[in-house]
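So the chains spell out like this:
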Amino acid sequence: MKMMKKTAICTIENSKIVLNNNIIFEIPTENFSDFAKEVYKSLALNYPKFHKMDNLSKLAFLASEMILKDEDHSRTALVFANRSSSLDTDFKYQESINSQENYFPSPAIFVYTLPNICVGEISIKHKMQTENAFFVLDEFDEQFLNDYSEQILQSGKADKVLCGWVELYQESYNAFVYLLTL
Amino acid sequence: MRKEVYITDYNCVTPLGFDVSSNWNALLEGKSGVALHKIIENQEPFYASMIDSEKLNEEFNKDFDNQNFTRLEKMFLLSLKPLVEKHQISDETAFILSTTKGNISLLKNQKTLPEGVFLSSLAQKIADFFGFKTKPIVVSNACVSGVMAIAVAKNMIQAGKYKDAFVIAGDEISEFVISGFNSFQAIGTEICKPYDKNRDGINIGEATAAVYITLERNQNGKFSFKVLGDSAINDANHISGPSRTGDGLFASIKNAMTEANIQTEKIDFISAHGTATIYNDEMEAIAFSRMELQNIPLNSMKAYYGHCLGASGLLESIISMESALNNTLIPSKNFEETGTSQPLNIIKENQPAEIKYILKTASGFGGCNAAIVLEKC
């Protein structure tokens, strides 16, 4: 069996994006939404759908953009995981239905109350009709993600796997996203 | 040569019964768990498939002393207990839990997150109760989670990471989920009618289901179902609207069949998703037709159980295996008149059939789809 290789790594935390050990963006802000907006502007992403995404999707999307770029990813699977699922948006949605006086459930928010939506957003951007999975784990477990990705590669269901830990709740976030091949 | 992986035991907890045989008998009689329930204060009742809480507590109290469990956790414990009693948990036994929203009802009127809403905490609580030794794996992939959980178990066992796995899936009805689907105007005004011309939306349901998956085929005449192939392909089209081409479902079925190494005409029965929304059922019909599966007998279980979200795929897999064991196809309840652009062979009444190969599919928000192929051994 061939060994798996990690060919690119992107991390996002503390308002800083690092791609393959190079800092490619940094801005002094405590606020994730501001950070995401600045990244979008500065990297000229030109993808209006970005502004409709919830913060978890924005985080996963930005980290993936750095790695996927404009290359062909029609055979790249997506395997993502985190700890807080979609609780950041779940909490906001719950606030919109807590009181009968202020009862405004919104479909645009409700749709983001699933953690795998961020995988859908990445798939849509890169037209990736490929294997995808989302797991919720109590902590980042690279071994598990690699094991799961490896069997996708070994079975021939994909040629590459974009793997990632994308954790976000309110202002606390970190992304560790990487590309695997055989 | 890849290892062969088998489902050798299962159980479920639904409004139609607290074990498989009571569910099967209710299905043979055409009973539905769906009824009008008042779920949100000051709002009209919704059609939903809901477990009677008093009955649940009664069943739970028979078997368990500890009362420190949420309603959903009680459903999980009841579904898993009979399997844990029959199959030993070792250091190489995986515990996989599939859910979309877990204990989301704990979030109501909270200022901070209660520990119980974390899906990994929910899984760990169940794992600790039964003494699982490996770290729980939670699959949360919208409405395909239950089907995908079987695939995850199969793949991780084949990769040599585990020897066997207990897979459980569950979701409960909550104001959170009902209000959300209602905001999408996706909830039906009566018991849902999958694939029918007059379908007008889903019923939300609740259930838990559990299966035991292992390398060891059952001996002495007891059943085994081999998990032959699986795939889960994204539509890459829209985060909430089903694809108009059925691309993702088509590719999921195609890949699963390729891995299973069987031809489409070999499939004896399709347990489809069939939520009874206009666009989902149409998408499925297109995908099945593109795969040339339009003549294979097919049903949706949603008019019996509603849409049980993360539980539906596992529950419906269990019912389809039960169908194969009983050599009986169960009708797609409430279907009367073709309501999709591509016709399907929808089962209209209980009928005897030899069922060896089963195709189970699901689709969900985020553009996800999943398919598995099972073989009765």
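Now for a description of the structure that goes with this document. (Residues numbered from 1 in each chain as written. Chains lettered and ligands numbered in written order. Predicted model: local features only at pLDDT ≥ 70, side-chain atom pairs only at ≥ 80, totals over all residues. Heavy atoms only, no water.)

1. Here's the deal with the pattern of salt bridges
Pairing is possible between side chains that carry opposite charge, provided their charged atoms lie close to one another. With the rule as written, the count across this model stands at 33 salt bridges over all chains. Of the charged contacts, one joins Asp147(A) and Lys161(B) as a salt bridge, the two residues approaching to 3.5 Å between their closest N and O atoms. Linking Asp147(A) in helix H6 (residues 142-154) with Lys161(B) in the loop between helix H5 (145-158) and strand S6 (164-171), this pair reaches from one chain into another. On the basis of relative accessibility, which here comes to 10%, the residue Asp147(A) falls in the buried class. A cluster of three or more residues bridged by salt bridges with shared partners is formed by Lys157(A), Arg2(B), Lys154(B), Asp230(B) and Glu259(B). (Salt bridge = Lys/Arg side-chain N within 4 Å of Asp/Glu carboxyl O. Helix = DSSP H or I, 4+ residues; strand = E, 2+ residues; numbered from the N terminus. Buried < 20%, exposed > 50% of the residue type's maximum accessible area, 1.4 Å probe, protein only.)

2. Points about the packing of aromatic side chains
Residues and elements named next belong to chain A. All told, the structure shown has 30 aromatic pairs over all chains when counted by the stated rule. Seen in terms of ring centroids, Phe140 and Trp165 are 5.6 Å apart; in terms of plane orientation they differ by 45°. Their pairing is tilted. One end of the pair, Phe140, is in the loop between strand S5 (132-136) and H6; the other, Trp165, is in strand S6 (residues 160-169), and 25 residues separate them in sequence. Residue Trp165 is classed as buried on the basis of its relative accessible area of 5%. (Phe/Tyr/Trp six-rings, centres within 6.5 Å; stacked < 30°, edge-to-face > 60°.)

3. What about the environment of Lys197(B)?
Residues and elements named next belong to chain B. Examined against the element boundaries, Lys197 turns out to sit in the loop between helix H6 (175-183) and strand S7 (204-205). C-alpha of Lys197 to C-alpha of Thr264: the two residues are 67 residues apart in sequence and 27 Å apart in space. Sequence-distant contacts of Lys197, defined by excluding residues within four places in its chain, comprise Glu337, Thr338 and Gly339. (Contact = heavy atoms within 4.5 Å.)

4. So, the nonpolar core
What tends to happen in soluble globular proteins is that the nonpolar side chains get buried as a cluster. With 180 residues, the main nonpolar core has Phe135(A) and Leu80(B) as its most contacted residues. With sequence-adjacent residues up to four places away left out, Leu80(B) is seen in contact with Phe95(B), Ile126(B), Phe130(B), Phe132(B), Phe166(B), Ile168(B) and Ala210(B). Listed in part, the 27 residues of the second largest apolar core include Ala256(B), Met283(B), Ala287(B) and Leu359(B). (Core = buried A, V, L, I, M, F, W, Y, C linked by side-chain atoms within 4.5 Å.)

5. Quick notes on the interface of chain A and chain B
The partner chain B presents 59 residues to the 49 residues of chain A that form the contact. Buried surface at the junction of chain A and chain B, both sides included, amounts to about 4,500 Å², of which 58% is carbon and sulfur. The interface formed by chain A and chain B contains seven salt bridges. Between Lys135(B) and Asp138(A) there is a salt bridge, with the nearest N and O atoms lying 3.7 Å from each other. At the junction of chain A with chain B, the criterion picks out 24 residue pairs in polar contact (both at pLDDT 80 or more). If you list the elements that add at least two residues to the side of chain A that touches chain B, you get helix H3 (87-95), helix H4 (107-110), helix H5 (117-125), S5 and H6 of chain A. Among the residues forming the side of chain A that touches chain B, the class breakdown is 23 nonpolar, 16 polar and ten charged. Relative to strand S5 (residues 137-139) of chain B, S5(A) runs antiparallel, the two sharing two bridges. The residue bridging Val136(A) from the neighbouring strand is Val138(B), located in S5(B). (Buried area = accessible area lost by both parts, 1.4 Å probe. Polar contact = N/O pair within 3.5 Å; in protein donor to acceptor, adjacent residues only side chain to side chain. Nonpolar A, V, L, I, M, F, W, Y, C, P; charged D, E, K, R; others polar. Pairing = 2+ DSSP bridges.)

6. Details of unusual backbone geometry
Residues and elements named next belong to chain A. We note that Ser85 has phi near 45°; this positive angle belongs to a residue other than glycine. Looking at where Ser85 falls in the secondary structure, it is placed in the loop between strand S4 (76-82) and H3. Looking at Ser85, the relative accessible area reads 5%, which means it is buried. In this structure, Lys127 takes a positive phi of about 50° despite not being glycine. Looking at the secondary structure, you find Lys127 in the loop between H5 and S5.

7. Thoughts on the packing of helix H1 (residues 32-42) of chain A against helix H2 (residues 55-68) of chain A
Residue and element names in this part refer to chain A. Orientation of H1 relative to H2, taken along the N-to-C sense of each, is 35°, at an axis distance of 11 Å. When the axes of H1 and H2 are compared, the crossing they make is left-handed. In contact with Phe32, Ser33, Ala36 and Val39 of H1, H2 contributes Asn55, Lys58, Leu59, Leu62 and Met66. Along the lines of polarity and charge, the residues of the contact of H1 with H2 split into six nonpolar, two polar and one charged. (Axes fitted to C-alpha atoms, helices over the stretch in contact; angles between N-to-C directions. Left-handed = near helix turned anticlockwise from the far one by under 90°.)

8. Focus: the pairing of strand S14 (residues 357-364) of chain B
Sheet faces and side chains relate simply in a regular strand, where the side chains alternate between the two faces. All names here are of chain B. Of all the eight residues making up S14, seven are buried; the element is thus mostly covered by neighbouring parts of the structure. In this sheet, S14 lies alongside strand S10 (residues 269-271) in parallel orientation, the contact comprising three bridges. Opposite Phe269, over in S14, you have Ile358 as the bridge partner. Summarising the sheet, S14 and strand S15 (residues 368-376) pair through eight bridges and their orientation is antiparallel. Pairing of Gly364 across the sheet is with Cys368, part of S15. Between S14 and S15, which pair antiparallel one after the other, the connecting turn spans three residues, and Gly366 there sits at a positive phi close to 90°.

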